[in-house]
Amino acid sequence: MATDVFPDTVLHTERFVLRPFTPDDAQDTWASCVDPLTQRWLPLPRPYTPEEAMAWCTTGSHALRASGDGIHFAVAERDGGRLVGTVGLKRTDWRVRTSEVGYWVSPWARGRGTAAEATRALAAWLLTEQGFHRLELRAATGNTASQRVAAKAGLRREGVLRDAGFVHTGRVDLVVFSLVRGDLAAAPADDRSAAVDGSPTEAELDVMAERAASASPGPWRPLPQTRAGSDGAGFPRGGAAGGEGGDEWRLTGVTAGREVAGPDERIDAEPDFVAAARRDVPRLVAEVRRLRAALAAENS
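Parameters at a glance
- Residues numbered from 1 in each chain as written.
- Predicted model: local features only at pLDDT ≥ 70, side-chain atom pairs only at ≥ 80, totals over all residues.
- Heavy atoms only, no water.
- Pairing = 2+ DSSP bridges.
- Helix = DSSP H or I, 4+ residues; strand = E, 2+ residues; numbered from the N terminus.
- Contact = heavy atoms within 4.5 Å.
- Axes fitted to C-alpha atoms, helices over the stretch in contact; angles between N-to-C directions.
- Parallel < 35°, antiparallel > 145°, perpendicular 65-115°, else oblique.
- Left-handed = near helix turned anticlockwise from the far one by under 90°.
- Nonpolar A, V, L, I, M, F, W, Y, C, P; charged D, E, K, R; others polar.
- Buried < 20%, exposed > 50% of the residue type's maximum accessible area, 1.4 Å probe, protein only.
- Disulfide = S-S within 2.5 Å.
- Right-handed = clockwise from strand over helix to strand, strands pointing away.
- Phe/Tyr/Trp six-rings, centres within 6.5 Å; stacked < 30°, edge-to-face > 60°.
- Salt bridge = Lys/Arg side-chain N within 4 Å of Asp/Glu carboxyl O.
- Core = buried A, V, L, I, M, F, W, Y, C linked by side-chain atoms within 4.5 Å.

**A short note on the sheet that holds strand β8 (residues 170–180)**
Then comes step 1: Taken in spatial order, the eight strands of this open sheet run β1-β2-β3-β4-β5-β6-β8-β7, and their pairing is mixed. Two strands close off the open sheet at either side, each with one partner strand: β1 (11–12) and β7 (156–167).
Then comes step 2: One ladder, built from three bridges, connects strand β5 (residues 98–105) with strand β6 (residues 134–140); its direction is parallel. By the bridge assignment for β6, S99 is matched with L135.
Then comes step 3: Running over the sheet, helix α4 (residues 114–129) touches β1, β2 (16–19), β3 (71–77), β4 (83–93), β5, β6 and β8 and is turned about 35 degrees from β4.

What follows is the structure, given as structure tokens:
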């Protein structure tokens, strides 16, 4: 075991508890890590199995703390205790007292400022109680949602490391953010609350943009598949709520004039994109109309 190890710790924020992973988190960890948006930017195993989720919750996350590499927290709701994400430290340099933060948020907790709130709590603990000097975040240049979390948590953008990371689709440049002790007092206020007029928050827009970017570019065409012939693959279903009638519709991506088949990450992302469209599109349409009305009133 390494000489320098973070203490086994529990942290509290206004809405969340940051605590060690337990076997009870395995199901939600698996559901979070097979999600297309999580898989898009993290080089997690593919497929990610329930066994791997259980191993992470019972041994993997704890072994990394014991090795001195960092510490990994399950982020759970204070009310109810359900897992909503993770935040943790890795690549810790004990001699120069620096560490790197990483996080993901469960699909059912996105758009609520979860990662920013957890990151602020972890940063304050690291730079004050643990006596560290610098916290870093590295995010792919295309991962704008992660970069926005870093900014909301008070980290400052420093520059780009070229070809320094990798995701399932290949090598990527990484944007570097940092937080040092002197920055803590200047950390921005939490802006997770929804706008008074019901328009999407910046965090919610990030999630919508990520869903759209993860789905295949199309054009798409519907292929009817009867319920009797379905293999239960989770395709969106039409028809009245709670009704038994109607068909299921499978959306097949078409790229460069050919249908895209197979379990790649874009096809896996289609159901998530389609399922969310029923709530995303009306809100975006309402926002466009609100902005047009405001612009018309200003110009009248």
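**Thoughts on the packing of helix α1 (residues 26–33) against helix α3 (residues 50–67)**
Then comes step 1: Axis separation between α1 and α3 bottoms out at 8 Å; the angle between their running directions is 120 degrees. As summarised for this structure, α1 and α3 are arranged oblique, according to the angle between their axes. α1 and α3 meet at a crossing whose hand is right-handed. Only P50, A53, M54, W56 and C57 of α3 make contact with α1, whose side of the interface consists of A26, T29 and W30.
Then comes step 2: Taken together, the residues of the contact of α1 with α3 break down into seven nonpolar, one polar and no charged.

**Describing the environment of D79**
Then comes step 1: Of note, D79 is situated in the loop between β3 and β4.
Then comes step 2: For D79, a relative accessible area of 71% gives the class exposed.
Then comes step 3: In the structure, D79 is positioned 64 residues away from R15 in sequence and 7.8 Å away in space, judged by C-alpha atoms.

**Observations concerning the state of the cysteines**
Then comes step 1: Tallied over the full model, the rule gives zero disulfides.
Then comes step 2: Unpaired in this structure, C33 has its nearest cysteine sulfur neighbour in C57, at a distance of 8.5 Å.

**What to know about the environment of G170**
Then comes step 1: Structurally, G170 can be placed in strand β8.
Then comes step 2: Here G170 falls in the partly exposed class, since its relative accessible area comes to 25%.
Then comes step 3: Taking the C-alpha atoms as reference points, G170 and P43, separated by 127 residues in sequence, lie 9.9 Å from one another.

**Some points on the pairing of β5**
In regular strands, side chains alternate between the two faces of the sheet.
Then comes step 1: Of all eight residues that make up β5, seven are buried, and the element is covered over most of its length.
Then comes step 2: Bridging between β4 and β5 involves seven bridges; their strand directions are antiparallel. Residue T86 lies in a different strand from β5, and its bridge partner there is W104.
Then comes step 3: Between β4 and β5, which follow one another and run antiparallel, lie four residues, and R97 among them has a positive phi close to 60 degrees.
Then comes step 4: Once you follow β5 into α4 and on to β6, the crossover reads as right-handed.

**Regarding the packing of aromatic side chains**
Then comes step 1: Here the structure, examined in full by the defined rule, presents six aromatic pairs.
Then comes step 2: Ring centres of W94 and F132 lie 5.3 Å apart, and the angle between their planes is 75 degrees; this geometry places the pair in the edge-to-face category. Remark: F132 occurs in the loop between α4 and β6 and W94 occurs in the loop between β4 and β5; sequence separation between them is 38 residues. F132 carries the same exposure label as W94, and that label is buried.

**Some thoughts on the pattern of salt bridges**
Note that side chains of opposite charge can pair when their charged atoms are close.
Then comes step 1: With the rule as written, the count across this model stands at 12 salt bridges.
Then comes step 2: Residues R19 and D25 are paired through a salt bridge, measuring 2.8 Å at the closest nitrogen-oxygen approach. Each member of the pair, R19 as well as D25, is classed as buried.
Then comes step 3: Between R91 and E100 there is a salt bridge, and its shortest N-O distance comes to 3.0 Å.
Then comes step 4: Using a relative accessible area of 56% as the deciding quantity, one classes R91 as exposed.
Then comes step 5: On the basis of relative accessibility, which here comes to 6%, the residue E100 falls in the buried class.
Then comes step 6: Each of the salt bridges in this network shares a partner with another, and the network as a whole consists of R134, E136, R138 and E158.

**Considering the nonpolar core**
Then comes step 1: If you look at the biggest cluster of nonpolar residues, it comprises 34 residues, and the most contacted ones within it are V87 and L89.
Then comes step 2: Secondary-structure elements contributing two or more residues to this core are β2, β3, β4, β5, α4, β6, α5 (144–152) and β8.
Then comes step 3: The element best represented in this core is α4, accounting for eight residues.
Then comes step 4: Excluding residues within four positions of it along the chain, L89 makes contact with F6, D69, G70, I71, H72, S99, E100, V101, L122, W125, L126 and L135.
Then comes step 5: Membership of the second largest hydrophobic core comes to 10 residues, among which are F21, A53, C57 and A74.

That's the geometry; what it means functionally is another story.
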